[in-house]
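Next come the chains, spelled out residue by residue.
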Number of protein chains: 2
Amino acid sequence: MITPDWVAEIRPVSAELDDALRSKIDLKTKPVGALGRLESLAFQVGRIQQTTEPELRHPHLWVFAGDHGVVGQGVSAYPQEVTWQMVLNFLSGGAAINVFARHNGIRLQVVDVGVCHTFEARPDLVRAKVQPGTGDFTKGVAMSPDACEAALSVGAHCTDEAVGEGSNALLFGEMGIGNTTSAAALSARLLSLPVGKVVGRGTGLDEAGLARKRDVVERALALHAQANRPLDVLAALGGLEIAAMVGAMLRAAWHQCVFVVDGFIATAAFVVAQALTPSVRDYAVFAHQSDEQGHQAVLAALDVQPLLSLGMRLGEGTGAALAWPLMTAAVAFLNEMASFDQAGVSNKHE
Amino acid sequence: MITPDWVAEIRPVSAELDDALRSKIDLKTKPVGALGRLESLAFQVGRIQQTTEPELRHPHLWVFAGDHGVVGQGVSAYPQEVTWQMVLNFLSGGAAINVFARHNGIRLQVVDVGVCHTFEARPDLVRAKVQPGTGDFTKGVAMSPDACEAALSVGAHCTDEAVGEGSNALLFGEMGIGNTTSAAALSARLLSLPVGKVVGRGTGLDEAGLARKRDVVERALALHAQANRPLDVLAALGGLEIAAMVGAMLRAAWHQCVFVVDGFIATAAFVVAQALTPSVRDYAVFAHQSDEQGHQAVLAALDVQPLLSLGMRLGEGTGAALAWPLMTAAVAFLNEMASFDQAGVSNKHE
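If you're wondering where the values come from, they're calculated on a predicted model, not measured in any experiment.

J.: Looking at this structure, how should I read the pattern of salt bridges?
T.: Where charged atoms from two side chains of opposite charge come close, those side chains can pair. All names here are of chain B. For the structure on display, the rule yields 25 salt bridges over all chains. Residue Lys-30 pairs with Glu-39 through a salt bridge whose shortest N-O separation is 3.0 Å. A relative accessible area of 2% places Lys-30 in the buried class.

J.: Help me understand unusual backbone geometry in this model?
T.: Trans is the common state for peptide bonds, and a negative phi is the common state for residues other than glycine. A positive phi is found at Gln-256 of chain A, a non-glycine position, where the angle reads about 55°. Topologically, Gln-256 of chain A is positioned in the loop between α10 (240-254) and β5 (258-261). The phi dihedral of His-58 of chain B is positive, around 45°, even though this residue is not glycine. For His-58 of chain B, the position within the fold is in the loop between α2 (37-49) and β1 (60-66).

J.: Mind showing me how you'd approach the relation of the copies chain B and chain A here?
T.: Here the two chain copies are tied together by a rotation about an axis and a shift along that axis. For the pair chain B and chain A, the relating rotation is 180°, the translation along its axis is 0.0 Å, and the fit reaches an RMSD of 0.0 Å. Between the two chains, the operation in question is that of a two-fold axis. Across chain B, the smallest distance between a C-alpha and the rotation axis is recorded for Leu-308 of chain B, namely 3.3 Å. Counting the interface residues of chain B, we find that 98% of their copies in chain A are interface residues as well, pointing to one common contact surface.

J.: How should helix α4 (residues 96-103) of chain B be read in this particular structure?
T.: Each α-helix winds once per 3.6 residues, and so residues spaced three or four apart point in a common direction. Within α4 of chain B, six of the eight residues are buried, leaving the element largely enclosed by the surrounding structure. Taken residue by residue, α4 of chain B has Ala-96, Ile-97, Asn-98, Val-99, Phe-100 and Ala-101 of chain B as its buried positions. Buried positions along α4 of chain B lie against α2 (37-49) and α13 (318-336) of chain A together with β1, α3 (81-92), β2 (107-114) and α13 (318-336) of chain B.

J.: I'm lost on the side chain of Glu-174 of chain B in this one. Help?
T.: Residue and element names in this part refer to chain B. Tracing the backbone through its elements, the reader meets Glu-174 in strand β4 (residues 169-175). No salt bridge forms around the buried Glu-174; measuring N to O, its nearest opposite-charge neighbour Lys-213 is 11 Å away. Looking at Glu-174, its side chain comes within polar contact range of the side chain of Asn-179, at 2.9 Å. Glu-174 has contacts with Val-63, Phe-64, Asn-179, Glu-241, Met-245, Asp-262, Ile-265, Gly-315, Glu-316 and Gly-317, leaving out every residue within four places of it along the chain.

J.: Could you clarify how one ought to interpret the pairing of strand β4 (residues 169-175) of chain A in this entry?
T.: For a regular strand, side chains alternate in direction, first toward one face of the sheet and then toward the other. Residue and element names in this part refer to chain A. For β4, a buried count of seven out of seven residues is recorded, marking the element as mostly surrounded by other parts of the structure. Residues Ala-169, Leu-171, Gly-173 and Met-175 line one face of β4 and the alternating positions Leu-170, Phe-172 and Glu-174 line the opposite face, and both faces are buried. In the sheet, strand β1 (residues 60-66) pairs with β4 via six bridges, with the strands oriented parallel. By the bridge assignment, Leu-61 is partnered in β4 with Leu-171.

J.: How should I be thinking about the side chain of Ser-279 of chain A in this particular structure?
T.: Along the chain, Ser-279 of chain A falls in the loop between α11 (264-276) and β6 (284-286). Setting aside anything within four residues of it in sequence, one finds Ser-279 of chain A in contact with Ile-10, Arg-11 and Pro-12 of chain A.

J.: Could you clarify how one ought to interpret the sheet that holds β2 of chain B in this entry?
T.: Sheet strands pair via backbone hydrogen bonds, and the direction of the pair is either parallel or antiparallel. Residues and elements named next belong to chain B. Spatially, the six strands line up as an open sheet ordered β3-β2-β1-β4-β5-β6, and their pairing is parallel. The two strands at the open ends of the sheet, each matched to only one other strand, are β3 (125-127) and β6 (284-286). Ignoring strand direction, the axes of neighbouring strands in this sheet form an average angle of 25°. For β2 and β3, the ladder comprises three bridges, and the chain directions are parallel. The partner of Asp-112 across the bridge, within β3, is Arg-127.

J.: Please clarify how the sheet that holds strand β2 (residues 107-114) of chain A should be interpreted in this entry.
T.: All names here are of chain A. Taken together, the six strands give an open sheet; going across it, the order is β3-β2-β1-β4-β5-β6, and neighbouring strands pair in parallel fashion. Strand pairing shows two members of the sheet lacking a second neighbour, β3 (125-127) and β6, which therefore form its edges. Across this sheet, the average inter-strand angle for adjacent strands is 25°, counted without regard to direction.

J.: What should I look at first to understand the domain arrangement of chain A in this one?
T.: Buried accessible area, meaning the area lost when the parts come together, often serves as the stated size of an interface. Residues and elements named next belong to chain A. Split by domain assignment, chain A resolves into domain 1 (9-54 + 334-343) and domain 2 (62-327). Contacts between domain 1 and domain 2 engage 11 residues on the former and 20 residues on the latter. Carbon and sulfur atoms supply 57% of the area buried between domain 1 and domain 2, which totals about 1,400 Å² over both sides. For the domain 1 face of the interface with domain 2, the top three residues by lost area are Ile-10, Arg-37 and Ile-48, together amounting to 44%. At the surface where domain 1 touches domain 2, the tally comes to zero salt bridges.

J.: Explain helix α4 (residues 96-103) of chain A to me, please; I cannot follow it from the model alone.
T.: Close packing links the buried residues of α4 of chain A with β1, α3 (82-92), β2 and α13 of chain A together with α2 and α13 of chain B. After α4 of chain A finishes, the residue Gly-105 of chain A shows a positive phi value of roughly 65°.

J.: For this particular structure, what's the right way to read the interface of chain B and chain A?
T.: Each partner contributes to the interface: chain B provides 54 residues, whereas chain A provides 53 residues. Linking chain B with chain A are two salt bridges. Across the salt bridge formed by Arg-102 of chain A and Glu-336 of chain B, the nearest N and O atoms sit 2.8 Å from each other. Mapped onto the side of chain B that touches chain A, the elements with two or more residues apiece are α2, α3, α4, α13 and α14 (340-343) of chain B. By residue class, the composition of the side of chain B that touches chain A is 30 nonpolar, 16 polar and eight charged.

How each quantity is defined
- Residues numbered from 1 in each chain as written.
- Chains lettered and ligands numbered in written order.
- Predicted model: local features only at pLDDT ≥ 70, side-chain atom pairs only at ≥ 80, totals over all residues.
- Heavy atoms only, no water.
- Salt bridge = Lys/Arg side-chain N within 4 Å of Asp/Glu carboxyl O.
- Buried < 20%, exposed > 50% of the residue type's maximum accessible area, 1.4 Å probe, protein only.
- Helix = DSSP H or I, 4+ residues; strand = E, 2+ residues; numbered from the N terminus.
- Least-squares fit on C-alpha atoms with pLDDT ≥ 70 in both.
- Contact = heavy atoms within 4.5 Å.
- Lys, Arg positive; Asp, Glu negative; His and termini not counted.
- Polar contact = N/O pair within 3.5 Å; in protein donor to acceptor, adjacent residues only side chain to side chain.
- Pairing = 2+ DSSP bridges.
- Axes fitted to C-alpha atoms, helices over the stretch in contact; angles between N-to-C directions.
- Domains from an automatic or database assignment.
- Buried area = accessible area lost by both parts, 1.4 Å probe.
- Nonpolar A, V, L, I, M, F, W, Y, C, P; charged D, E, K, R; others polar.

Written out as structure tokens, the structure is:
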């Protein structure tokens, strides 16, 4: 399938302000480097926005939801209906992501990209169903090239909408029973990781379920051995909500906006996006390390260290929402802390 | 020296509500355990407050400041005057802790327990100087039993004041050039850790400085070999701001309030408090793992895993302030998330 034209327009972040940013950070009233990861975060946001006074405006979290044909293979501890039931839970404000988004001042919207359920119109629900669920990728492709392209567009459009409303910081989460299986298959193929390393217990499989899930991923990878280009892999092994996240992330980079990558599934979407255009990485902040076993392997392969490691494995964007206050804190220290000169504090012994 | 009477009144947290809390957490719309550390945090706050609907009110962060006679031995990369200069920076709102406390809705007050400087009255400065700095503990005790007791009282009084104003959550930080040396000595003695493990670079010592600091701690431990009871160790090797933190932490536990332990120095204060009365541990949340080398060893000896690990090494309470949103998020999910029944979501396959 064909990569959308605009993807070629994504640019790496300019290094022009790097020295100014570093010097501003180093002259704050603290030993050099004493704020650790917050310093690199402030630096990253500053260079994305190309200013030494960055600002994070109207954070917007999209939760993309879709169903997976592969659940017929018994790869999840929960039944498929939980996908639409959780979408309704999101819309009623009762899920973990609602609590954390509300708590941290993040606007939350839910997108039906491919749930096996017909939703009525509801505030904060974007009805953009491409099709009801993917096909079982142990028997054929998960989705056609057209469906994959449509799902990518849904995600890109969501980013456009948030940016149009004044946001310059995007967060992405997902809901889709069965999607750790898809994420494992995508990561195994695109990062050349062994199946045993990327397949985990998801929402709580037992030993037999885990063995079955490994076998499913092995069979899927064998069936789609010819799929190697990023979007072909996505169509063969992905999910509609994952494809939407790929589009949304790429489009965030196109808008030169920072975006926050949640857990295992969101990282798999990032892997696809990065395989298409490595520059997307400059715009990505990795929120947390999931307790899902595959996530550690994928993060290591990407050589990234996320901000949080709290043993969470829920998805929905919960890790991204919880990491958000660290991002605003990083920008705040860059803008608000006094320098040694300003505060009249003696610097280090020379 | 004599332990204050009220310390004997500190009680371990009751296990009476443990089942109710566990069940409430497990029935939320998420796989069991999927919120990881946030679940144990919600559980801890619920049992401290003895309710399944805990509430964190008016978080109050005290920064205790004091100077250290041992800086004369060349154990810090910064001159001693930085202690009082940073106190003024705190009072002007320009330090990292000001930014993070403001950012996260935490009330901040600064306490002069023993700075070598005379401060004028300023809002948010508590002038409670016991004496201007400690003695050089390579030559004698850091402070007399009376001074140590007075510093403990200052800390306890600060907690009383915050609780009196309606706070039920205390955070503690510190400022004191040279205080990683004192924290290392206290931890080495009370946890029987080797000096090489607990002495680090502090604000940025070079190799020669690090070797000198190790030697200083070795000599201090040898000189005060007879000091083994917690408060004797504190008087011999501690700092006035550290003693105040010990008092403040103990008093928070006495009030049955949760308190947040910041980095290396605050953890050393906790070590003293726990040596006095192990129950204090039930009330403590460990905010972050500092990049200061000794902190990892001390946390491992205490068998605790802090919430954040961001490579920070600044003190001031910055780690505590940054961990705060995770605590409020934990309480929020416990109070606000829907259960499977409430949301009409199917639970796991049986």
